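# Inside the fold
Each chain is listed here by its residues.
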Amino acid sequence: MKLDISKLDNFIDEDKIWNIVNQNTDADPARIQDILNKALEAKGLTLEETAILLQVENPELNEAIFETARKVKKAIYGNRIVLFAPLYVTNECSNRCSYCGFKDTNSELIRRTLTAGEIKKEVCVLEDLGHKRLILVYGEHPKFGADWIAETVRTVYDTLSEKSGQIRRVNINCAPLDVDGFRKLHEVGIGTYQCFQETYHSKTYSDLHPCGHKKYFLWRLHAMHRAMEAGIDDVGMGTLLGLYDYRFDTIALLAHAAELEKQFGVGPHTLSFPRLEPALNAEVAFNPPYPITDSQFKRLVAVLRLAVPFTGLILSTRENKEMRRELLDIGVSQLSAGSRTYPGAYTDPDYDRPEVQQFCVGDSRSLDEVIKEIVQHGYIPSWCTACYREGRTGEEFMKLAKNGFIQNFCRPNALMTFNEYLQDYASESTRDLGRELINSEVENGPQKGRKKLLDSLLRIEQGERDLYI
Ligand code: SAM
Ligand code: SF4
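In short, a report on the structure. Fair warning: this is a prediction, and the values are worked out from it, not measured in the lab. (Residues numbered from 1 in each chain as written. Chains lettered and ligands numbered in written order. Predicted model: local features only at pLDDT ≥ 70, side-chain atom pairs only at ≥ 80, totals over all residues. Heavy atoms only, no water.)

## Things to note about the side chain of Ser 339
Mapped onto the fold, Ser 339 is located in the loop between β8 (334-336) and α15 (367-376). Dropping the residues within four chain positions of it, Ser 339 is found in contact with Pro 86, Thr 317, Tyr 346 and Val 361. (Helix = DSSP H or I, 4+ residues; strand = E, 2+ residues; numbered from the N terminus. Contact = heavy atoms within 4.5 Å.)

Set out below in structure tokens:
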């Protein structure tokens with residue numbers, strides 16, 4: 001892999017970001033209300049407006065932020081929630097990220113890289129639970145280049161379980177590649193390429209990433225540029241909360257998104273905001289240098305919803321079930337569920353061991369338990385992958401999303417994939433609840449398209465699969 005950083009610039013102007021944070025504290029309530037009124041139009045926010053909302057301390061105004069975020073979320077996404085699971089392919093890693101259990105110096109971690117056969121076994125377990133969307137996760141090691149990663153993706157797509165399950169979208173979270181490497185991932189049909197900058201503060205970044213390829217801040221900062229240059233137009237970005245001041249990192253993340261939009265006409269497809277979790281032999285993970293409280297975290301998610309209304313917001317099982325429940329209403333559009341965080345975990349009967357995991361999960365419920373709970377709260381679980389398979393990605397997707405497409409296409413597609421789940425995988429109690437939800441959604445949903453939707457739901461009950469519009 002060519003790792004040439006000589007011509008890369010740091011488009012994150014740290015002084016400018018800090019000025020935006022510092023000059024927008026303690027704003028006048030009338031100004032905050034103006035920003036919320038603007039946010040309701042779902043046109044997004046400037047970095048200054050975002051910084052103002054991020055720093056609102058008044059409880060009533062905070063509640064107004066949450067209420068606005070709920071409205072925007074509902075108007076754009078309705079009550080759908082997309083579900084996925086991570087599949088860890090290797091935990092071998094030559095980097096030394098001080099917060100991660102996979103760092104090279106962690107000699108107590110049991111290292112493992114799945115063979116093609118082992119990947120297939122893990123995928124079959126996930127398919128038999130009902131998963132259709134996976135994110136493959138990799139440590140970074142010179143042994144594993146783009147060709148090998150592409151081969152693991154092919155293996156996942158080619159695995160069919162006996163229950164007729166098939167993974168329909170494979171996303172990737174791996175270390176940044178060069179343009180040729182990204183092209184190989186594009187050619188093999190990955191969905192989203194996801195990579196977190198961790199922190200945009202270069203000095204903190206250098207301190208926490210002392211060796212391996214990951215020490216090159218600019219190489220990582222330009223990862224999405226290279227991915228897009230290679231034709232991957234769905235990218236997922238994020239920062240790891242707890243490493244540096246969350247206000248700085250949030251504004252910088254949005255500046256990064258704006259930079260991509262300026263250069264490529266489209267920003268990130270999704271944003272993630274993982275918080276540090278305890279990890280074996282990773283002191284920083286137990287004592288985050290910049291901890292973010294629950295209330296700051298909730299406000300951050302609501303503000304992101306308002307700042308980039310059409311960008312998916314992803315929440316992992318790092319958070320506990322109570323927090324996950326609250327964040328659904330105020331912004332999150334994709335949830336992982338039933339996750340296990342090491343290679344071979346889904347086929348491991350004795351899986352809950354710290355000496356293998358990347359970090360400890362906060363919500364260890366099964367996929368069916370998570371689905372049951374979200375259905376009880378009126379959400380439609382979705383495994384829809386129609387857009388990506390129809391080529392409605394990147395700029396094309398964003399244009400459609402801004403014109404009410406999500407409600408007209410994503411909603412029926414969500415109901416169809418949910419009906420498949422109920423037929424093939426759900427427990428009896430989830431199935432009963434799910435059927436009630438589908439009936440009420442059809443009855444109370446728009447007249448337009450109802451007949452077609454009813455017909456598709458019936459065809460699914462009669463055994464057809466993978467229907468979508
Ligand atoms: N090795 C690749 C990389 O570093 O980009 C991809 C896989 S890495 C396992 C995925 C992400 O896990 C990292 O980008 C980091 O944000 C997150 N992570 C690492 N340690 C963590 C911890 N202790 N708690 C929460 N998230 C963590
Ligand atoms: Fe390796 Fe990624 Fe963990 Fe860093 S975060 S040690 S690169 S797996």
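## Some remarks on the nonpolar core
Counting residues in each nonpolar core, the largest one holds 129 residues, and the members touching the most others are Leu 136, Ile 172, Leu 185, Tyr 193, Phe 297 and Phe 418. In terms of residue count, the dominant contributor to this core is helix α11 (residues 246-264) (nine residues). With residues up to four places along the chain from it excluded, the contact list for Phe 297 reads Leu 241, Phe 273, Arg 275, Ile 292, Leu 315, Glu 319, Met 323 and Leu 327. Judged by nonpolar contacts, the second largest core, of 17 residues, contains Tyr 99, Val 137, Leu 240 and Ala 282. (Core = buried A, V, L, I, M, F, W, Y, C linked by side-chain atoms within 4.5 Å. Buried < 20%, exposed > 50% of the residue type's maximum accessible area, 1.4 Å probe, protein only.)

## Focus on the site of ligand 1
Lining the immediate surroundings of ligand 1 are 20 residues, of which Glu 198, Lys 214, Arg 220, Glu 277 and Gln 358 lie closest. Tyr 99 places a main-chain nitrogen or oxygen 2.9 Å from a nitrogen atom of ligand 1. Contacts to ligand 1 include Arg 318, whose side-chain N or O atom sits 3.0 Å from a nitrogen atom. Out of a free accessible area of 560 Å², ligand 1 has 96% covered by protein chains. (Near = heavy atom within 4 Å. Polar contact = N/O pair within 3.5 Å; in protein donor to acceptor, adjacent residues only side chain to side chain. Areas by Shrake-Rupley, 256 points an atom, 1.4 Å probe, with all protein chains shown as cover.)

## Looking at the layout of surface pockets
Counted as a void, the largest pocket has a volume near 430 Å³. Along the walls of the largest pocket sit 23 residues, with Glu 261, Ala 307, Val 308, Thr 311 and Lys 402 positioned nearest its centre. For the lining of the largest pocket, the elements supplying multiple residues, two or more each, are α11 and α17 (394-401). Split into classes, the residues belonging to the lining of the largest pocket amount to 13 nonpolar, five polar and five charged. Roughly 350 Å³ of internal volume is contained in the second largest pocket. Forming the boundary of the second largest pocket are 21 residues, of which Met 1, His 141, Phe 144, Gly 145 and Leu 177 lie nearest the centre. Elements that contribute at least two residues to the lining of the second largest pocket include exactly α6 (146-157) and α7 (179-187). Split into classes, the residues belonging to the lining of the second largest pocket amount to ten nonpolar, seven polar and four charged. (1 Å grid on protein atoms, 1.4 Å probe; cavity = no way out; pocket = protein on both sides within 12 Å on 5 of 7 lines; lining within 4 Å. Points joined across faces, edges and corners; volume = space filled by probe spheres on them. Nonpolar A, V, L, I, M, F, W, Y, C, P; charged D, E, K, R; others polar.)

Keep in mind these numbers describe shape, not what the thing actually does.
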